[in-house]
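Spelled out from the first residue to the last, the chains are:
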Amino acid sequence: MNELKGLIKQEIAQLSGKPSVLPEPTGRVGQEPVCPLCADQGIIYDATQDLARPCSCMRQKNLYHRFRHARISQQLQACSFARFDLSYYESSEDRDRTHEKNARTALRAAVDFCASCAQHPDGLGLFFTGPVGSGKTFLAAAMANDLLRQGVQILFVVVPDLLDEIKSTYDQHSEISEYDLIETARTVQVLILDDLGAHNYTDWTINKIYTILNYRLNEKLPTIITTNLSVREMGEFLGDRTTSRVVEMTQGYQLSCDRDIRLQKYQRRAKK
Ligand SMILES: [Zn+2]
């Protein structure tokens, strides 16, 4: 057990030692400019047209200001398509290699989405379903990181955090209104809802999620969703109205594996 703790600590130390390549909202990390697009100047100068325009990181910064929980954690900043390791989906029990095939298909869909998102947004998002530890959040975070690097404005939120955040606006002292938050989630270029799972939804929270998704569906704004619920279970938790929107606005992909990938990672490190 202590060995496992040691390995976790080691992993965290390794991850936090990695330089961030994302536009971080608050100041600089070390001496390196944080935004690769504008080197933290906030504007991009186009010499061919003799024009300066605000960098996309400024909008992203504004958005982080509104959502306390929207910043992608240090750990998730390390997620990339290149680091999505298909070997975790191999298993001797899985003769037909179903897990690996599923993972490959999901990865391809995620890469394709990011490649075409800025140029040809058709509004169709992605839906990743699978058990805990099957790589859903990793894939969603890899997408978020890729899109941020392209200058696409995104909002990556864990669903329970989003609901807490909206609730906290009811505090009289809150500077931000519920309308602002809902409006941001509705209108952001790409919304990533991580863990739309089996939480304690009230009619009120279900209605908020419905409002956001329905708006995005009508405006053809893509949404990426991860969940450990099947579509049928989602109907039970979120109601048919919301579930039918999810089905209509996303292409679904299944992730599966025989053993939790987090555990596999620790075991591999322990062997080294
Ligand atoms: Zn910038």
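Refer to the structure presented above.
Everything quoted here is computed from the prediction, not taken from an experiment. (Residues numbered from 1 in each chain as written. Predicted model: local features only at pLDDT ≥ 70, side-chain atom pairs only at ≥ 80, totals over all residues.)

1. What to know about the environment of K208
Heads up, the condition is: Under the scheme used here, helices are H or I runs from DSSP no shorter than 4 residues and strands are E runs no shorter than 2 residues, and both carry numbers assigned from the N terminus. The contact criterion used is a C-beta to C-beta distance within 7 Å, with each C-beta placed from the backbone.
Along the chain, the position of K208 falls in helix α8 (residues 203–218). For the pair formed by K208 and L163, sequence separation is 45 residues and the distance between their alpha carbons is 8.4 Å. Setting aside residues no more than four positions away along its own chain, K208 makes contact with I166 and I182.

2. Digging into the pairing of strand β5 (residues 190–194)
In the case of a regular strand, side chains alternate between the two sheet surfaces. For clarity, the threshold we go by: The exposure label follows from counting other C-beta atoms within 10 Å of a residue's C-beta, where the C-beta atoms are placed from the backbone and the thresholds are 20 or more for buried and 12 or fewer for exposed, leaving partly exposed in between. Think of it like this: strands point away, you trace from the first strand over the helix to the second, and a clockwise trace means the crossover is right-handed.
Burial analysis of β5 places five of its five residues in the buried class, which makes it a mostly covered element. Across the two faces of β5 the burial is the same, with V190, I192 and D194 and L191 and L193 all buried. Read as a crossover between parallel neighbours, the route from β5 over α8 to strand β6 (residues 223–227) is right-handed.

3. Comments concerning the packing of helix α4 (residues 98–117) against helix α5 (residues 136–149)
Inclusion rule: Whenever a helix is involved, its axis is fitted only over the stretch in contact; in every case the axis is a line through C-alpha atoms, and angles between N-to-C directions fall within 0 to 180 degrees. Should an angle fall under 35 degrees it is taken as roughly parallel, and over 145 as roughly antiparallel, whereas 65 to 115 is taken as roughly perpendicular and any remaining angle as oblique. Each crossing gets its hand from how the near helix is turned against the far one by less than a right angle, where anticlockwise is left-handed and clockwise is right-handed. Residues are grouped as follows: nonpolar covers Ala, Val, Leu, Ile, Met, Phe, Trp, Tyr, Cys and Pro; charged covers Asp, Glu, Lys and Arg; every other residue, Gly included, is treated as polar.
Across the interface, α4 lies against α5 with an axial gap of 10 Å and an inter-helix angle of 20°. Considering the angle they form, α4 stands roughly parallel to α5. Considering how the two elements wind past one another, α4 and α5 form a crossing that is right-handed. Between α4, through A106, L107, A110, F113, C114 and C117, and α5, the contact on the second element is made entirely by L139, A142, M143, D146 and L147. The residue inventory of the contact of α4 with α5, partitioned by class, reads ten nonpolar, no polar and one charged.

4. Some thoughts on the sheet that holds β6
Selection rule: Think of it this way: DSSP has to see at least two bridges between two strands before they count as a pair.
Reading across the sheet, the five strands line up as β4-β5-β6-β3-β7 and stay open at both edges, with parallel pairing between neighbours. Lying at the two open borders of the sheet, with one neighbouring strand each, are β4 (154–158) and β7 (250–254). The average undirected angle you get between the axes of adjacent strands in this sheet is 10°. Alignment of strand β3 (residues 125–129) against β6, held across four bridges, turns out to be parallel. Within the sheet, the bridge partner assigned to F128 lies in β6 and is T226. Lying on the sheet, α5 is in contact with β3, β4, β5 and β6; it crosses β5 at an angle near 160°.

5. Thoughts on the pairing of strand β1 (residues 43–46)
One ladder, built from four bridges, connects β1 with strand β2 (residues 51–54); its direction is antiparallel. Residue Y45 lies in a different strand from β2, and its bridge partner there is A52. Linkage of β1 to β2, two consecutive antiparallel strands, is achieved through a turn of four residues, within which D50 is found at a positive phi near 50°.

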